[in-house]
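Inside the fold
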Amino acid sequence: MNLPHKPSDQVIKYKDLEEVDIKCADCEEELFKLLRVACTSKKNKLIVDCPFCDGRSWLVEVEGDYFQAPPDDLIVYDVYEKDGVIVIELEGKDDGSE
Ligand SMILES: [Zn+2]
């Protein structure tokens with residue numbers, strides 16, 4: 001197959017990828033992952049509430065567009081903005097055992 005060269009504006013450059021792990025400031029459980037998909041001047045501040053203790057992560061400031069992903073055993077329960085900071089609340093997945 002002879003595909004013509006087609007420029008695309010949806011290119012992810014791998015050198016731009018940057019992964020950020022957000023951990024709880026109190027119990028150091030891994031809470032959230034951010035994967036930068038584009039370098040932009042967009043700035044986001046976020047805090048992740050910890051479902052394992054009553055703590056939360058440090059304030060994280062990121063620049064660019066990020067793909068957000070909780071770890072496998074957690075789901076996003078709520079996301080809201082407070083004083084310009086995005087607060088992400090997580091909860092454990094219900095695995096059926098009490
Ligand atoms: Zn914690």
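Throughout what follows, the structure given in this document is the object of discussion. Remember, it's a predicted structure, so these values are computed and weren't measured experimentally. (Residues numbered from 1 in each chain as written. Predicted model: local features only at pLDDT ≥ 70, side-chain atom pairs only at ≥ 80, totals over all residues.)

**Observations concerning the overall build of the protein**
Assigned secondary structure in the protein consists of zero helices and five strands. Listing every helix and strand of the protein by position from the N terminus yields β-β-β-β-β. Looking at the protein as a whole, 13% of its 98 residues qualify as buried. Residue pairs in contact within the protein that sit at least 24 positions apart in sequence constitute 52% of those at least 6 positions apart. (Helix = DSSP H or I, 4+ residues; strand = E, 2+ residues; numbered from the N terminus. Buried ≥ 20, exposed ≤ 12 C-beta atoms within 10 Å, placed from the backbone. Contact = placed C-beta atoms within 7 Å.)

**So, the nonpolar core**
Counting residues in hydrophobic clusters, the biggest one holds ten residues: Ile22, Cys24, Leu31, Phe32, Leu46, Ile47, Val48, Cys50, Ile88 and Leu90. Those elements giving two or more residues to this core turn out to be β2 (30–49) and β5 (85–92). Here this core gets five residues from one element, more than from any other, and that element is β2. (Core = buried A, V, L, I, M, F, W, Y, C linked by C-beta atoms within 7 Å.)

**A closer look at the pairing of strand β1 (residues 18–23)**
Judged from the six bridges that link them, β1 and β2 form a sheet pairing that is antiparallel. The partner of Glu18 across the bridge, within β2, is Arg36. Connecting β1 to the antiparallel partner β2 that follows it, the hairpin turn spans six residues, and Glu28 within it adopts a positive phi of roughly 65 degrees. (Pairing = 2+ DSSP bridges.)

**A word on the environment of Pro70**
Along the chain, the position of Pro70 falls in the loop between β3 (60–69) and β4 (74–82). For Pro70, a count of 20 C-beta atoms within 10 Å gives the class buried. With 39 residues separating them in the primary sequence, Pro70 and Leu31 have C-alpha atoms 6.5 Å apart. Sequence-distant contacts of Pro70, that is, excluding residues within four places in its chain, are made with Phe32, Ile75, Val76 and Leu90.

**A closer look at the environment of Asp65**
For Asp65, the location among the structural elements is in strand β3. The partly exposed category is assigned to Asp65, around which 14 C-beta atoms lie within 10 Å. A sequence separation of 31 residues divides Asp65 from Leu34, and the C-alpha atoms of the two residues are 9.5 Å apart. If we ignore the near neighbours within four places in the chain, the residues touching Asp65 are Val37, Ala38, Thr40 and Lys42.

**Details of unusual backbone geometry**
The residue Glu28 is not glycine, and still its phi comes out positive at about 65 degrees. Position of Glu28 relative to the elements: it lies in the loop between β1 and β2. Looking at Glu28, the number of C-beta atoms within 10 Å reads 13, which means it is partly exposed. Phi is positive for Asp83, close to 55 degrees, though the residue is something other than glycine.

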